[in-house]
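Chain by chain, the residues run as shown.
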Amino acid sequence: MKSVSEIKLAAKLENLQKLLQSVTECARKEGVGNNKLPAVELAVEEAFVNICKYAYQSEDGDIELKCMLKDSRFIIEITDWGMPFDITSLPDPDVAQDISERKIGGLGVFFIKKMADGIRYRREGGRNILNISFSCG
Amino acid sequence: MEINTRKKDNVFVVSLKGKLDAVTAPEFDKKLEGLLSEGENNLIINLGELEYISSAGLRSILAFAKQLKANGGRMVLAELRGPVKEVFEISGFYSIFQILESEAAALNQMK
């Protein structure tokens, strides 16, 4: 699988815009429709924010993001070198609760699952590797 | 993100423009806390010019709504559209808040 764009940055919230800009540019270039871009952006933000907040437990660390196109699917691969964390194993929040029962937080991972057409996680050589894919057709 | 506020009768209208994400949400939190401490209890949040919201933005709105409820206040959201509306629907937030099509309808509701 050939990667068409690659970016590596410190896992800090202040880098969010830079990361999103790079992903959006790549998505556009690869022909991802404008109607799909907000979903791509949301999934990437949620994955990035999770890594910034939890992966390195207040230590410094990096995140690497690769974009690629395969069989008319736009695939984003996000790697970190932090604690093992399989987001695909998390249960979904109860979205039917009312305002007082509803917990603050817990929606980020749910949004990644909802926005993407597919997600896959693997732990490999001390890295968390998350594949988020979008069909572009 | 731009936050504009104005008061119409006894209702405070907060309009958001741009992106409410993990970077801009703390600024919005600060604004809302300020309004709470000034005793503003009737609020309309106009999202008509908001292009994008993530879970961080929803978290801010939910946290504020909980505090407002505890203070006996009211909040109505207005003019949700596009991806913002979609995020509210997916998260179930669309049914936990009072949401109206226009600011005028929201003002009417608050009377």
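Scoring rules and cut-offs
- Residues numbered from 1 in each chain as written.
- Chains lettered and ligands numbered in written order.
- Predicted model: local features only at pLDDT ≥ 70, side-chain atom pairs only at ≥ 80, totals over all residues.
- Helix = DSSP H or I, 4+ residues; strand = E, 2+ residues; numbered from the N terminus.
- Rg over C-alpha atoms; globule rule 2.2 N^0.38 Å.
- Buried ≥ 20, exposed ≤ 12 C-beta atoms within 10 Å, placed from the backbone.
- Contact = placed C-beta atoms within 7 Å.
- Nonpolar A, V, L, I, M, F, W, Y, C, P; charged D, E, K, R; others polar.
- Pairing = 2+ DSSP bridges.
- pLDDT = per-residue confidence, 0-100.
- Core = buried A, V, L, I, M, F, W, Y, C linked by C-beta atoms within 7 Å.

Another aspect to go through is the overall build of chain A. Broken down by element type, chain A carries 3 helices and 5 strands. Overall, chain A shows an N-to-C arrangement of helices and strands of β-α-α-β-β-α-β-β. The globule rule puts the C-alpha radius of gyration for 137 residues at 14 Å, and the 15 Å found for chain A is close to it. The buried share among the 137 residues of chain A stands at 33%. Intrachain contacts of chain A at a sequence separation of at least 6 include 69% that bridge at least 24 residues.

The next subject is the interface of chain B and chain A. Interface size, as often reported, equals the accessible area lost upon joining of the parts. Facing the 19 residues of chain B at the interface are 19 residues of chain A. Of all the elements in the fold, those that place two or more residues in the side of chain B that touches chain A are α2 (55–70) and α3 (82–91) of chain B. Considered class by class, the residues forming the side of chain B that touches chain A number 11 nonpolar, 4 polar and 4 charged.

Residue and element names in this part refer to chain A. Bridge count for strand β2 (residues 62–70) against strand β3 (residues 73–80) is 8 bridges, and the pairing is antiparallel. What sits directly across from Met68, in β3, is Ile75. Between β2 and β3, which pair antiparallel one after the other, the connecting turn spans 2 residues, and Asp71 there sits at a positive phi close to 45°. Examined bridge by bridge, β3 and strand β5 (residues 127–135) share 8 bridges and lie antiparallel to one another. For Phe74, the partnering residue across the bridge sits in β5 and is Phe134.

What follows is about the confidence of the model for chain A. Low pLDDT marks stretches whose predicted atomic positions should not be read closely. On average, chain A scores 92 in pLDDT, and the residues at 70 or more come to 97%. Here strand β1 (residues 3–10) of chain A stands out as the element of chain A with the lowest mean pLDDT, 89, in contrast to strand β4 (residues 118–124) of chain A, whose mean of 97 is the highest.

Let us look at the nonpolar core. Counting 70 residues, the largest nonpolar core has Val23(A), Ala43(A), Val44(A), Ala47(A), Phe48(A) and Ile44(B) as its most contacted members. Per-element tally for this core: the top contributor is helix α2 (residues 37–55) of chain A, with 10 residues. Filtering out sequence-adjacent residues up to four positions away, Ala47(A) remains in contact with Ile78(A), Ile112(A), Leu130(A) and Ile132(A).

Residues and elements named next belong to chain A. Residue placement: Lys8 occurs in strand β1. Between the C-alpha atom of Lys8 and that of Gly61, which follows or precedes it by 53 residues, the distance is 11 Å. Setting aside residues no more than four positions away along its own chain, Lys8 makes contact with Asp62 and Glu64.

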